[in-house]
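Analysis of the macromolecular model
This is what each chain is made of:
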Amino acid sequence: GMGATALAAPDRTRAAEDVARDRLTVRSNTIVLAAEGTPATGINIDTEGAGHVIANNVVLGTSTGPLRCMDLGLAPSAYSSDYNVCFAPASSSLSWNSNGVSLSTFQAETGLDAHSQVVDPTFLLSSDDLYVPAAGSPLIGGADAVVDALLSVIGKRGTLMMPSFNHGAAFAFNPMTT
């Protein structure tokens, strides 16, 4: 392993009576790794299963330590991964995957993350639990087709509420005015 990991599956060694973990979904998370100088990994699904989905996530490293956006150690065919953003402005080293490669190299080698980016997500002033994209953020309108379909149904006047932050949802929110 590499220091701290934000989201990991499996999170323990599989017992004899456990079934293999297939079709795990990691979607629409904003992950902030802030341990100063500590190597960190945003998302780790690397030991078993197939049919895993990793989509619409933001991994933001705020420390100077190395940041590995993902650890996807299975064959590329085990995953569907796209529309993810990773950024670490002060990091001593940023790699997209556990083998230390850049996003462009990872895309070329695996065919995954075609629409993903290494880019500043440009959040408004944030607290420990709320990260909202600022005007002009690359996250606005950057979500996948499922979110775009939901937004087209509710239109710009509706409000889309989801249990975890969704990058495309910022387009749908209209504050009440008096």
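Scroll up for the structure.
Predicted model, so just to flag it, every value in this text is computed and none were measured. (Residues numbered from 1 in each chain as written. Predicted model: local features only at pLDDT ≥ 70, side-chain atom pairs only at ≥ 80, totals over all residues. Heavy atoms only, no water.)

Moving on, we come to the overall build of the chain. Within the chain, the secondary structure is distributed over two helices and eleven strands. Overall, the chain shows an N-to-C arrangement of helices and strands of β-β-β-β-β-β-β-β-β-β-α-β-α. Looking at the 178 residues of the chain, the share that counts as buried comes to 38%. Sequence-distant contacts in the chain: of pairs separated by 6 or more residues, those separated by 24 or more amount to 69%. Element-wise, carbon and sulfur atoms account for 56% of the exposed surface of the chain, whose accessible area totals about 9,400 Å². (Helix = DSSP H or I, 4+ residues; strand = E, 2+ residues; numbered from the N terminus. Buried < 20%, exposed > 50% of the residue type's maximum accessible area, 1.4 Å probe, protein only. Contact = heavy atoms within 4.5 Å. Areas by Shrake-Rupley, 256 points an atom, 1.4 Å probe, with all protein chains shown as cover.)

The full count for this structure, using the stated rule, is one disulfide. Across the disulfide, cysteine 69 is cross-linked to cysteine 86 (sulfur-sulfur distance 1.9 Å). With the S-S bond torsion at -90 degrees, the cross-link from cysteine 69 to cysteine 86 turns out left-handed. Of this pair, cysteine 69 sits in strand β7 (residues 67-71) while cysteine 86 is found in strand β9 (residues 85-87), placing the two residues 17 residues apart along the sequence. Each of the two residues, cysteine 69 as well as cysteine 86, counts as buried. (Disulfide = S-S within 2.5 Å.)

Further remarks concern unusual backbone geometry. Positive phi, close to 60 degrees, is recorded for asparagine 56, a residue that is not glycine. Phi is positive for aspartate 113, close to 55 degrees, though the residue is something other than glycine. The residue aspartate 113 is located in the loop between α1 (103-110) and β11 (117-118) in this model.

What follows covers the sheet that holds β7. Strand order in the open sheet made by the four strands is β1-β4-β7-β10, with parallel pairing throughout. Both edges of this open sheet fall to β1 (4-8) and β10 (94-95), since each of them pairs with a single strand only. Pairing geometry for β1 and strand β4 (residues 40-44), over four bridges, is parallel. From the neighbouring strand, alanine 4 faces β4, where its bridge partner is alanine 40. (Pairing = 2+ DSSP bridges.)

Considering all chains together, one arrives at two salt bridges under this definition. A salt bridge links arginine 68 to aspartate 71, with the nearest nitrogen and oxygen atoms 3.8 Å apart. The pair formed by arginine 68 and aspartate 71 is uniform in burial state, with each residue classed as buried. (Salt bridge = Lys/Arg side-chain N within 4 Å of Asp/Glu carboxyl O.)

With that out of the way, let us pick up the sheet that holds strand β2 (residues 25-27). Spatially, β2-β5-β8 is the arrangement adopted by the three strands of the open sheet, whose pairing is parallel. Here the strands that pair on one side only, and so sit at the sheet edges, are β2 and β8 (79-82). Within the sheet, the average angular offset between the axes of one strand and its neighbour, ignoring direction, is 5 degrees. Two strands pair when backbone bridges link them, and strand β5 (residues 52-55) and β8 are joined in this way by four bridges, in the parallel orientation. Among the inter-strand pairings, isoleucine 54 is bridged to a residue of β8, identified as serine 81. (Axes fitted to C-alpha atoms, helices over the stretch in contact; angles between N-to-C directions.)

This part takes up the environment of valine 119. Its place among the elements puts valine 119 in the loop between β11 and α2 (145-154). On a C-alpha basis, the gap between valine 119 and cysteine 86 in space is 6.5 Å, while along the polypeptide they are 33 residues apart. Those residues in contact with valine 119 that sit more than four places away from it in its chain are Val85, Cys86, Phe87 and Pro138.

Attention shifts here to the side chain of serine 116. Mapped onto the secondary structure, serine 116 falls in the loop between α1 and β11. Only 2.9 Å separates the side chain of serine 116 from the backbone nitrogen of asparagine 84, close enough to count as a polar contact. The contacts of serine 116, once residues within four sequence positions are left out, are Asp82, Tyr83, Asn84, Trp96, Leu103 and Gln107. (Polar contact = N/O pair within 3.5 Å; in protein donor to acceptor, adjacent residues only side chain to side chain.)

Attention now moves to the packing of aromatic side chains. Scanning the model with the defined rule gives one aromatic pair in all. When the ring of phenylalanine 123 is compared with that of tyrosine 131, the centres are 5.2 Å apart and the planes differ by 70 degrees; the resulting orientation is edge-to-face. As far as the burial class goes, phenylalanine 123 and tyrosine 131 line up, both buried. (Phe/Tyr/Trp six-rings, centres within 6.5 Å; stacked < 30°, edge-to-face > 60°.)

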